[in-house]
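For reference, the chains in residue letters:
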Amino acid sequence: MWYKDAIFYELNVRAFADGNGDGHGDFIGLSQKVDYLAELGVDCVWLMPFYPSPLRDDGYDISDYRNVAPLYGTLEDFKHALDALHARGIRVIIDFVINHTSDQHPWFVESRASKDNPKRDWYVWSPTDFRYKEARVIFVDSLSSNWTYDTTTEAYYWHRFYSEQPDLNFDNPEVRQEMLDTMRFWLDMGIDGFRVDAVPYLFEREGTNCENLRETHEYLKEMRTLVKVEYPDCILLAEANQWPEDLIPYLEDEFDMAFHFPMMPRLFMGVRQGSNREIINILEKTPPIPPHTQWCLFLRNHDELTLEMVTHEQREWMWQEYAPDPKMKLNLGIRRRLAPLLENDPRRILLLHAILFALPGSPILYYGDEIGMGDNIDLFDRNGVRTPMQWDDSLNAGFSTAETTYLPVIDDDGFSYRKVNVATQQGNPDSLFHALKHQIAVRKQAPIFGRGQFRVLDAGNEAIFAFERRLEDTAPVVVLANLSDHAQTAMLREVNDYQGSQPKDILTDTPYHPINETPYTVALQPYGCLWLRLEQKGS
Ligand code: GLC
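Given the structure is predicted, the values throughout are model-derived calculations rather than measurements.

Draft legend 1. Here's a closer look at the site of the ligand. The local shell around the ligand holds 13 residues, among which Asp57, His100, Asp197, Glu239 and Asp303 are the closest. Within the contact set of the ligand, an oxygen atom lies 2.9 Å away from a side-chain nitrogen or oxygen of His302. Across the complex, the protein chains shield 95% of the 300 Å² of accessible surface that the ligand would expose by itself. More than half of the atoms of the ligand fall within 2 Å of the grid points belonging to the largest cavity. The residue makeup of the shell around the ligand, split by class, is three nonpolar, three polar and seven charged.

Draft legend 2. Spatial organisation of the pairing of strand β17 (residues 477-482). Where burial is concerned, most of β17 is hidden: six out of the six residues are buried. Judged by which residues are buried, β17 turns out to be covered on both faces: Val477, Val479 and Ala481 on one side and Val478, Leu480 and Asn482 on the other are all buried. Across six bridges, the pairing between strand β16 (residues 464-470) and β17 is antiparallel. Residue pairing across strands places Ala466 opposite Leu480, the latter belonging to β17. Hairpin connection of β16 to β17: six residues between the antiparallel strands, including Asp473 at a positive phi of 65°. Pairing between β17 and strand β22 (residues 529-535): five bridges, direction antiparallel. Bridging from a neighbouring strand, Val478 pairs with Leu532 of β22.

Draft legend 3. How the structure looks around the pattern of salt bridges. Scanning all chains against the criterion turns up 46 salt bridges. Where Arg160 meets Glu211, a salt bridge forms, and the shortest distance between an N and an O atom there is 3.8 Å. Of the two residues, Arg160 sits in the loop between β6 (155-158) and α6 (173-189) while Glu211 sits in the loop between β7 (193-196) and α7 (214-230), which places them 51 residues apart along the sequence. The partner of Asp509 in a salt bridge is Lys504, with the nearest N and O atoms 3.3 Å apart. Look at Lys504 and you get partly exposed, because its relative accessible area is 24%. A network of salt bridges, in which partner residues are shared, links Arg14, Asp57, Asp58, Asp303, Asp381, Arg382 and Arg386.

Draft legend 4. Local environment of the sheet that holds β7. Sheet architecture is closed into a barrel: eight strands sit in the order β1-β2-β3-β7-β8-β9-β10-β14, paired in parallel fashion. Averaged over all neighbouring strand pairs, the angle between strand axes comes to 25°, with direction disregarded. Taken together, the four bridges between β7 and strand β8 (residues 235-238) define a ladder with parallel strand orientation. Paired with Phe194 across the two strands is Leu236, which belongs to β8. Of the strands in this sheet, β2 (44-47) and β3 (91-96) are in contact with helix α4 (residues 75-87), which crosses β3 at around 140°. Sheet strands in contact with helix α13 (residues 346-358) are β10 (294-298) and β14 (362-366), and its direction is about 145° off that of β14.

Draft legend 5. Layout of the packing of aromatic side chains. Counting across every chain of the model gives 44 aromatic pairs. Plain terms: the ring middles of Tyr36 and Trp391 are 4.9 Å apart, the flat faces sit at 85° to each other, and that makes the pair edge-to-face. Here the residue Tyr36 occupies a position in helix α3 (residues 34-40), and Trp391 occupies one in the loop between β14 and α14 (422-426), the gap between them amounting to 355 residues. Residue Trp391 is classed as buried on the basis of its relative accessible area, which comes to 5%. Judged by centre distance (5.7 Å) and plane angle (15°), the ring pair of Tyr65 and Trp107 falls under stacked. Of this pair, Tyr65 sits in the loop between β2 and α4 while Trp107 sits in helix α5 (residues 106-113); the two residues are 42 residues apart in sequence, bridging distant segments of the chain. Looking at Tyr65, the relative accessible area reads 2%, which means it is buried. For Trp107, a relative accessible area of 12% gives the class buried. Grouping aromatic residues by their ring pairs yields a cluster made of Phe27, Phe50, Tyr51, Tyr65, Phe78, Phe96, Trp107, Trp122, Phe185, Trp186 and Phe194. Between Lys119 and the ring centre of Trp122, over which it is positioned, the NZ or CZ distance is 4.5 Å. Here the basic side chain of Arg272 rests over the ring of Tyr322, its NZ or CZ set 4.9 Å away from the ring centre.

The rules behind these values
Residues numbered from 1 in each chain as written. Predicted model: local features only at pLDDT ≥ 70, side-chain atom pairs only at ≥ 80, totals over all residues. Heavy atoms only, no water. Near = heavy atom within 4 Å. Polar contact = N/O pair within 3.5 Å; in protein donor to acceptor, adjacent residues only side chain to side chain. Areas by Shrake-Rupley, 256 points an atom, 1.4 Å probe, with all protein chains shown as cover. 1 Å grid on protein atoms, 1.4 Å probe; cavity = no way out; pocket = protein on both sides within 12 Å on 5 of 7 lines; lining within 4 Å. Sits in = over half its atoms within 2 Å of the grid points. Nonpolar A, V, L, I, M, F, W, Y, C, P; charged D, E, K, R; others polar. Buried < 20%, exposed > 50% of the residue type's maximum accessible area, 1.4 Å probe, protein only. Helix = DSSP H or I, 4+ residues; strand = E, 2+ residues; numbered from the N terminus. Pairing = 2+ DSSP bridges. Salt bridge = Lys/Arg side-chain N within 4 Å of Asp/Glu carboxyl O. Axes fitted to C-alpha atoms, helices over the stretch in contact; angles between N-to-C directions. Contact = heavy atoms within 4.5 Å. Phe/Tyr/Trp six-rings, centres within 6.5 Å; stacked < 30°, edge-to-face > 60°. Lys NZ or Arg CZ within 6 Å of the ring centre and 35° of its normal.

No statement about biological role is implied by the geometric values presented.
Given below as structure tokens:
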């Protein structure tokens, strides 16, 4: 169960490094950067879609499932990058977009050509747009319906995302089989698993919201069987933006991991409100998950910071606090990167990582956030958080030698690549890069975070998020996170079991006074976080 201890890293091949100088990142470029990933200490990368695609949705609109987009190289280049990552001990999972294809996919081109085409039934067609009315529209800023009228055959087709992304019809056994075979194709190449895109939406049924349906779960179980029987070390990670209780079925006999979507905005609420309330609240609503499974925890990713899993009032509040410029809003979310969201305050960036790394689950970083990259809200859709990785202060941030890059490099006052780049930060021991690299290294020495029991502790102070991790045969760890910008004191009462133990902050290797009486009091710096390992005396 390697995924229980792994640090994940999400990257877009297009955005990472350009090996052939055409302005787009590619697999040759990625192969040249594996040492960097190894140095940072990541265990597994998630590659966003790199398949042939018209790029209407940055590759989440696939036109050929068994190839690499020419812009990013060839299948051989892919294999070479995979081998290079494996050689450095880094596993690779790839994005698998099964709910829909591109409208340019030959299957859809055929399907829309005539009503009696053999591929007609590979997609969801209807004579009216009155069906499945209870299904929500996801891209609310650009769409008003999940149906689009196609003049060729005078019928509507179904799509949960852009109209250029028609949904496959999973009621068709050929579709189901094709997707399983496609999985084998990539698993045979040696990948370590899939991040499966948009899994709640595979089937449609009248009178439902068309999410999390029984039929969808049945198919996902088939996927799991294939992987576990034929490729037992490989994993499936679910992208299902749902409440924790609705995610449980996905973790029972379907996925090894699922993103914990609702946790993410609450971490941002916590650090803005200086209060642990919302974080504890969502943890209380998170049921236990099967022992072989793991949450995947994140702060940011390639999409907008989604606010689907919050109340209406919380969403308005998040927008008010974190999206002061209307351009920062997108759909039900905020299209900004981590560092700008946190006003480029290293204390808050490190605090949120220290919490993320210590909560039950495996953390995932989004490329560029480890150096505090900025964003560009003038770019279309979610492109503002997908700009080229900033390697150094040379032309195009060292990303590419081309005259123009697929998106402009960030070069504004606060976040210019001239300042914010890997080389500069590698050379500065006080940089964000080094601090995060250190957190990662400490976490990797502490399997208790990936595997241990979890319990929230009362620190007698709402500004402090306190919890305990326990794992047989290892010293327990108490995490104290000060969510406020003032110094705070934690007063722990629930530490009777630990009388006589000697706490040490493993992040800084600093000993704290022994636990001799309750409450045990500890002072915390503004936005400070301690990972206190409670050593028994004499051990
Ligand atoms: C997922 C992806 C998102 C994409 C959508 C449609 O939510 O994260 O980027 O647009 O699926 O494939």
